[in-house]
Amino acid sequence: MPLERSWIESANSPETDFPLNNLALGVFTADGVQRCGVAIGDRILDATGLEEAGLLTLGDTPVLDLPFWNEVMELGPEAWTALRDRLKELLREGAPERDIVTSLLHPMDGAELHLPFAISEFTDFYAGRHHATNVGTMFRGAENALPPNWLHIPIGYNGRASSVVVAGTDIRRPWGQLKGPNDPGPRFAPSARFDLELELGAIVGQASDGTVTVAEADAMIFGYVLLNDWSARDIQAWEYQPLGPFQAKATATTISPWIVMRAALEPFRCASPAREVALLPYLEEPGPMLYDIALEVDLTPEGASPTTIARTNYREMYYSSAQQLAHHTTSGCPMNVGDLLGSGTISGPTKDSRGSLLELSWGGKEPIPVGNQTRSFLEDGDTITLRGTAQGDGYRIGFGPCAGKLLPALADPYAR
Ligand code: MN
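Residues numbered from 1 in each chain as written. Predicted model: local features only at pLDDT ≥ 70, side-chain atom pairs only at ≥ 80, totals over all residues. Heavy atoms only, no water.

J.: Mind showing me how you'd approach helix 5 (residues 129-140) here?
T.: An α-helix turns once per 3.6 residues; consequently, residues spaced three or four apart project the same way. When the terminal C-alpha atoms of helix 5 are compared, their 15 Å separation across twelve residues agrees well with the 16 Å that a helix rising 1.5 Å per residue should span. Inspection of helix 5 places His131, Ala132, Asn134, Val135 and Gly136 among the buried residues, and these make up the whole buried set. Those residues of helix 5 hidden inside the fold are in contact with helix 10 (357-360). Just downstream of helix 5, glycine 141 is the residue with a positive phi angle, here 90 degrees. (Helix = DSSP H or I, 4+ residues; strand = E, 2+ residues; numbered from the N terminus. Expected span 1.5 Å × (residues − 1). Buried < 20%, exposed > 50% of the residue type's maximum accessible area, 1.4 Å probe, protein only. Contact = heavy atoms within 4.5 Å.)

As structure tokens, then:
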């Protein structure tokens, strides 16, 4: 599919993340009020204003009067299509409503952005084979890198929706209970091995009560965001057996401010990697369920320039979000509108395609260059920025930057 041209000239640039083909959804502040917005070129279209003006009608009652996109999700896939069709009518080259729509445009540069949806619950997976192999090799040796269940089941844990924040939110280095391999006992201290995880987040746009197939799960996904699963490796190493990560992952999870709808990613679908072990039938894919999305991680030390520390692609995943969602329902677990599923860290096969510092520095043994500094794990003042783009014919689909800055730990919170 070629570029769909808009009367907003900046949306026709091959350099923008937000051509008419994308129509990413967010929440922004206009005149002191949070409103639903649509990214278009270097502008934000006030979608709440469109609805108020009678230019966009999706339900019997207003669905954009509250500053999140959940009500639109609840209307279901037909409304999702109607939303995109109507936005394209209003924004395409030659659209007759140009004057009134112009009055609802705001500059994206400097706009205050908020969480684009109310997050019901958050589940994070461990579904990238290169990541699981790298981490397993470090923790258990190359022979036992992948746990025996890994090629059969998308491993996950139930996270905390309350800790999900929008890009631009500062992250505070956490304290926690730590015990290094040579420490005589545990101690309570700031995490010294604080890390990022490059992931994609899938947003569940339809509720389920009972099991769903992979095809049904795919149809339930409203869209995707970039996701940084901040991880305290030293807390994780001490706490994770036998129930998995807990406080190591509970400080914060950053998501991009813009939801890229599943429909915008359709041209970029691609197949999963080859599997030497067949999946159980309920996990088999009815078609290509991954996407060709180029991903990169920038690390910017305080006062320095950014260095790209990793480049990879979402097509490297072993299990798709649709498979993860289908698996999530096998127990009968009800899924809700606004549930967020983290893909798991997306690493590629090469050293420079690893999606966490744990892997990039090989557990701290091989610090990586960052400008004229080096890093094993994050230092105070570091900013991590994730980017994701799907390259089309003369256009690209992006999520906008997903950035977060690490602030120093506070003084001992339990000191008397
Ligand atoms: Mn993760």
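Now that the structure has been shown, the text picks up again.
J.: Just to check I follow, could you spell out the packing of aromatic side chains for this structure?
T.: Aromatic ring pairs: the centre-centre distance and the angle between the two ring planes describe each pair. Under the criterion given, the structure shown has twelve aromatic pairs. Among the aromatic residues, those joined into a ring-pair cluster are Trp150, Tyr318 and Tyr319. The aromatic ring of tyrosine 318 is capped on one face by arginine 275, whose charged end is 4.5 Å from the ring centroid. (Phe/Tyr/Trp six-rings, centres within 6.5 Å; stacked < 30°, edge-to-face > 60°. Lys NZ or Arg CZ within 6 Å of the ring centre and 35° of its normal.)

J.: Hey, could you run me through the domain arrangement of the chain in this one?
T.: Interface extent is often summarised as the accessible area lost during association of the parts. Splitting the chain by domain gives domain 1 (9-114) and domain 2 (122-407). A separation of 28 Å is found between the C-alpha centroids of domain 1 and domain 2. Taken together, the contacts link 27 residues of domain 1 with 27 residues of domain 2. Surface buried jointly by domain 1 and domain 2 totals about 2,200 Å² across both partners, of which 66% is contributed by carbon and sulfur atoms. In this assembly, domain 1 and domain 2 are joined by one salt bridge. Aspartate 17 is the partner of arginine 396 in a salt bridge, and the nearest nitrogen-oxygen pair spans 3.0 Å. Between domain 1 and domain 2 we count eight residue pairs in polar contact (both at pLDDT 80 or more) in total. Only strand 1 (25-30), strand 2 (33-40), helix 2 (70-75), helix 3 (77-91) and strand 5 (113-114) provide two or more residues apiece to the side of domain 1 that touches domain 2. (Domains from an automatic or database assignment. Buried area = accessible area lost by both parts, 1.4 Å probe. Salt bridge = Lys/Arg side-chain N within 4 Å of Asp/Glu carboxyl O. Polar contact = N/O pair within 3.5 Å; in protein donor to acceptor, adjacent residues only side chain to side chain.)

J.: So what exactly am I meant to see when it comes to the layout of surface pockets here?
T.: One way to see where empty space is left: roll a probe the size of a water molecule over the atoms. Put simply, the largest pocket is a space of about 530 Å³. Lining the largest pocket we find 27 residues, and of these Tyr126, Ile155, Gln236, Tyr240 and Pro245 sit closest to its centre. Those elements giving two or more residues to the lining of the largest pocket turn out to be strand 6 (122-125), helix 5, strand 7 (156-158) and helix 7 (233-239). In terms of residue count, the dominant contributor to the lining of the largest pocket is helix 5 (five residues). A breakdown of the residues in the lining of the largest pocket according to their chemical character gives twelve nonpolar, nine polar and six charged. In this model, the second largest pocket occupies a volume close to 460 Å³. Lining the second largest pocket are 20 residues, and of these Phe139, Pro181, Arg193, Arg233 and Ala237 lie nearest its centre. (1 Å grid on protein atoms, 1.4 Å probe; cavity = no way out; pocket = protein on both sides within 12 Å on 5 of 7 lines; lining within 4 Å. Points joined across faces, edges and corners; volume = space filled by probe spheres on them. Nonpolar A, V, L, I, M, F, W, Y, C, P; charged D, E, K, R; others polar.)

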